[in-house]
Amino acid sequence: MHEARFYTRKEDGKVQCRLCNHRCLIKPGRRGICGVRENREGTLYTLVYGHLVAESSDPIEKKPLFHFLPASKSWSISTVGCNFRCLHCQNYDISQYPHLHHGGIAGTYRSPEEVVAAAERTGCASISYTYVEPTIFYEFARDCMELAHARSIRNVFVSNGYMTPEVIQDMAPLLDGINIDIKGFTEDFYRRICSARLQPVLDTVRLMHEAGIWVEVTTLVIPGLNDSDEELRDIARFIYSIDPSIPWHVTAFYPTYKLTDRPPTPVATLRRARDIGLAEGLRFVYEGNVPGEGGENTWCPACGVALITRLGFSLEENRLRLGDNPRLAHCPECGEAIQGIWG
């Protein structure tokens, strides 16, 4: 067992977890909503430290991160557990594992040193903490992040954005990039579909950007639930209010888990979402989960030339002109600055 970070001891042996915005008040012998943090006699423990159920080398574009070391590989790891209960979770077999297996914890033990060594051995430029909400295994992720940074390996979170501000402050010096889901833009959607709240997610997007971490946003567009012009426009306007250069990925839904009564997202809906984002002033909007439709390419927002062409998770051509600043590249035709992590 490994003692958890970010909790406060309360009366009668209770503890309050401060890792995510559920801020669970946990009685002795009980666990938080995530299913992997347990109060044992007034001390909070993480049950998943180093217990990995997924380890693989992925294209960074799979996260998806399109403006972060394009065409590089990212060593991707996960434990079981999650602090959301999304009805459409594509990884529900691991995210909901403790709830589906009477509290069971699965995984093969790895040390932080082994994780970083695997990233180096496979030529990965980054380590991605992903597949479930990585905040729930933050103690392990943080130890990995410290070692990775010492060896010039970048750190990436693929996240629902529900960590607390104090956790953001703690991880900011070690985290290089993050993709945050904005799953919808109403509290009702978050409550019914995800068993969570919207506002903490929006706060996280803003705080991550203010901390200097490279941010990209993903919205899985679900027919009849979050695909109205109004809701898509609200998401685009929110992203614009922080920074119009934040890439927005609008991706196709496919029926899964407990949400099988909805059809797959039509390509026309993604095209409409992309058009809405661009009309609201966003510089980069991408269509996801529909390879070959052209919505995955990076276009110069000034002159319209194709800068990066992609097919699925593969990069076919990169015409960006790099300079001394690793956070800026330029269009080879007109010189327009293109924000990202390029170096």
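Engineer: It is not clear to me how the overall build of the chain should be interpreted in this structure. Could you clarify?
Structural biologist: What the chain contains, in helices and strands, is 9 helices and 22 strands. Over its C-alpha atoms, taken along the principal directions, the chain stretches across nearly 65 × 45 × 30 Å. Counting only contacts in the chain whose residues sit at least 6 apart along the sequence, the fraction spanning at least 24 positions is 64%. Summing over all exposed atoms, the chain offers an accessible surface of approximately 13800 Å²; the carbon and sulfur share of this is 47%. In the chain, the 37 positive side-chain charges and the 42 negative ones have mean positions that sit 4 Å from each other.

Engineer: Got a minute to help me understand empty space enclosed by the protein in this structure?
Structural biologist: Gaps left between atoms are located by rolling a probe of water-molecule size over the structure's atoms. The final tally for this structure, using the stated rule, is 1 cavity of 30 Å³ or more. Of the voids in this model, the largest cavity is the one considered here, and its volume is about 100 Å³. What lines the largest cavity is a set of 14 residues, and nearest its centre among them are Cys17, Cys20, Cys24, Cys34 and Arg37. The class makeup of the residues in the lining of the largest cavity is 8 nonpolar, 4 polar and 2 charged.

Engineer: Honestly, the nonpolar core in this entry has me stumped. Any pointers?
Structural biologist: Side chains of nonpolar character tend, in soluble globular proteins, to be buried together. Membership of the largest hydrophobic core comes to 86 residues, with the highest contact counts inside it found for Phe157, Met208 and Trp248. Not counting residues up to four positions away in its chain, the partners in contact with Met208 are Met163, Ile168, Met171, Leu175, Ile178, Ile180, Ile213 and Val215. Within the second largest apolar cluster, 12 residues are counted, among which are Val305, Ile308, Ile338 and Trp342.

Rules and cut-offs
Residues numbered from 1 in each chain as written. Predicted model: local features only at pLDDT ≥ 70, side-chain atom pairs only at ≥ 80, totals over all residues. Heavy atoms only, no water. Helix = DSSP H or I, 4+ residues; strand = E, 2+ residues; numbered from the N terminus. Contact = heavy atoms within 4.5 Å. Areas by Shrake-Rupley, 256 points an atom, 1.4 Å probe, with all protein chains shown as cover. Lys, Arg positive; Asp, Glu negative; His and termini not counted. Charge placed at Lys NZ, Arg CZ, Asp CG, Glu CD. 1 Å grid on protein atoms, 1.4 Å probe; cavity = no way out; pocket = protein on both sides within 12 Å on 5 of 7 lines; lining within 4 Å. Points joined across faces, edges and corners; volume = space filled by probe spheres on them. Nonpolar A, V, L, I, M, F, W, Y, C, P; charged D, E, K, R; others polar. Core = buried A, V, L, I, M, F, W, Y, C linked by side-chain atoms within 4.5 Å. Buried < 20%, exposed > 50% of the residue type's maximum accessible area, 1.4 Å probe, protein only.

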